[in-house]
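# Coordinates in review
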Amino acid sequence: MLSTLTLALLGIALLAVPHRPAPPALTAPSMATTPPATSARTTAASAPAGGRPTVNPAASTRLATPARSAPAPALPPHGEGIAGDRAIQEALESAWPADLPAADERELLATGRALLRADATGVGRAPWPHLFSGSGQALAPAFATGRFRIQAAIARRDGSPDKAVVHLVWAGMDRSGTFTDLRITDWFFTRTTTKGAGTWTPQSRT
């Protein structure tokens, strides 16, 4: 009887004690949590084991962007007239950077311009009998002098220091009355040395 009474009293005592909830179970931290800000050096690239650094796009925008080269000038449309000649000259100079001494370039340009005029209009062919000798339709002037115009010209080396080419862009009206601009002619030269002095001699054209 005593044992039964003791157990009954213990049961009543346990029921009188207030119930405490169990502490919540610990959970893994959420992956959505935003990490603290880091410096550009640490976020710019991370090196995984055995792999190449992975660039962080957000950090890479802070890095300096390499400068882009300026695009070549666009050629003017046909029929632009004298106003478009400067753009053609700039396009030639951009496509073929200068590579000749200034004195040689001046000589070649002067001779190349004179040769083109003589070839197209027939005026001034006497200094080059080896180029304009003979007769026939092939050597007859094809363009009128009044509408002939050289739009742009440059002189550059042609594979070696003793060879050069003059690139010419020009406009003219042929004998049938058709005017065309942006025509292209190349005159090729070879340097010849006489008594220690070098001279550029025209050889052919295309």
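All of these numbers come straight from a predicted model, not from anything done at the bench.

To continue, consider the environment of S204. By the element assignment, S204 lies in strand 6 (residues 197-205). The spatial distance from the C-alpha of S204 to the C-alpha of F188 is 5.5 Å, given a sequence separation of 16 residues.

Ordered in space as 3-4-5-6, the 4 strands form an open sheet in which the pairing is antiparallel. The open sheet terminates on both sides in strands that have one partner only, identified here as strand 3 (149-157) and strand 6. When the angles between neighbouring strand axes are averaged without regard to direction, this sheet yields 25 degrees. The pairing of strand 3 with strand 4 (residues 163-173) spans 8 bridges and is antiparallel. The residue bridging R149 from the neighbouring strand is A171, located in strand 4. Against the sheet, helix 4 (residues 85-95) makes contact with strand 3, strand 4 and strand 5 (179-194), and its axis sits at roughly 10 degrees relative to strand 3, the strand it touches most. Against the sheet, helix 5 (residues 102-121) makes contact with strand 3, strand 4, strand 5 and strand 6, and its axis sits at roughly 125 degrees relative to strand 5, the strand it touches most.

Quick look at the packing of aromatic side chains now. Enumeration according to the criterion identifies 3 aromatic pairs in this entry. Here F143 and W170 contribute two aromatic rings whose centre-to-centre distance is 5.0 Å and whose plane-to-plane angle is 80 degrees, an arrangement assigned as edge-to-face. Here W170 lies in strand 4 and F143 lies in the loop between helix 6 (129-132) and strand 3, a separation of 27 residues in the sequence. Neither F143 nor W170 differs from the other in exposure class; each is buried. Measuring from centroid to centroid gives 5.6 Å for F148 and W170, while their planes differ by 45 degrees, and the two rings are tilted. Here F148 is found in the loop between helix 6 and strand 3, whereas its partner W170 is found in strand 4, with 22 residues between them in sequence. Comparing F148 with W170, the two get one shared label, buried. Here the aromatic residues F143, F148 and W170 are joined through ring pairs into a cluster of three or more. Sitting above the plane of the W170 ring, R183 keeps its charged end 5.5 Å from the centroid.

Rules of the game
In this numbering scheme, every chain counts its residues from 1 along its sequence in written order. Totals for whole chains, interfaces and linings use all residues, but because this is a predicted model, local features are given only for residues with pLDDT of at least 70 and pairs of side-chain atoms are given and counted only at 80 or more. As a convention, hydrogens and water are excluded, and side-chain values are obtained from all of the structure's heavy atoms. Labels follow the DSSP assignment, with helices taken as runs of H or I lasting at least four residues and strands as runs of E lasting at least two, numbered in each case from the N terminus. Whether two strands pair comes down to DSSP finding at least two bridges between them. Whenever a helix is involved, its axis is fitted only over the stretch in contact; in every case the axis is a line through C-alpha atoms, and angles between N-to-C directions fall within 0 to 180 degrees. Here a residue-residue contact requires only that any non-hydrogen atoms of the pair lie within 4.5 Å. Aromatic rings from Phe, Tyr and Trp, taking only the six-membered ring of Trp, are treated as a pair when their centres fall within 6.5 Å; an angle between ring planes under 30 degrees marks them as stacked, one over 60 as edge-to-face, and anything in between as tilted. Remark: exposure states derive from per-residue accessible area (1.4 Å probe, protein chains only) relative to the maximum for the residue type, with buried under 20%, exposed over 50%, and partly exposed in between. Lysine and arginine charges are scored as sitting over a ring when NZ or CZ, respectively, is within 6 Å of the ring centre and within 35 degrees of the ring normal.

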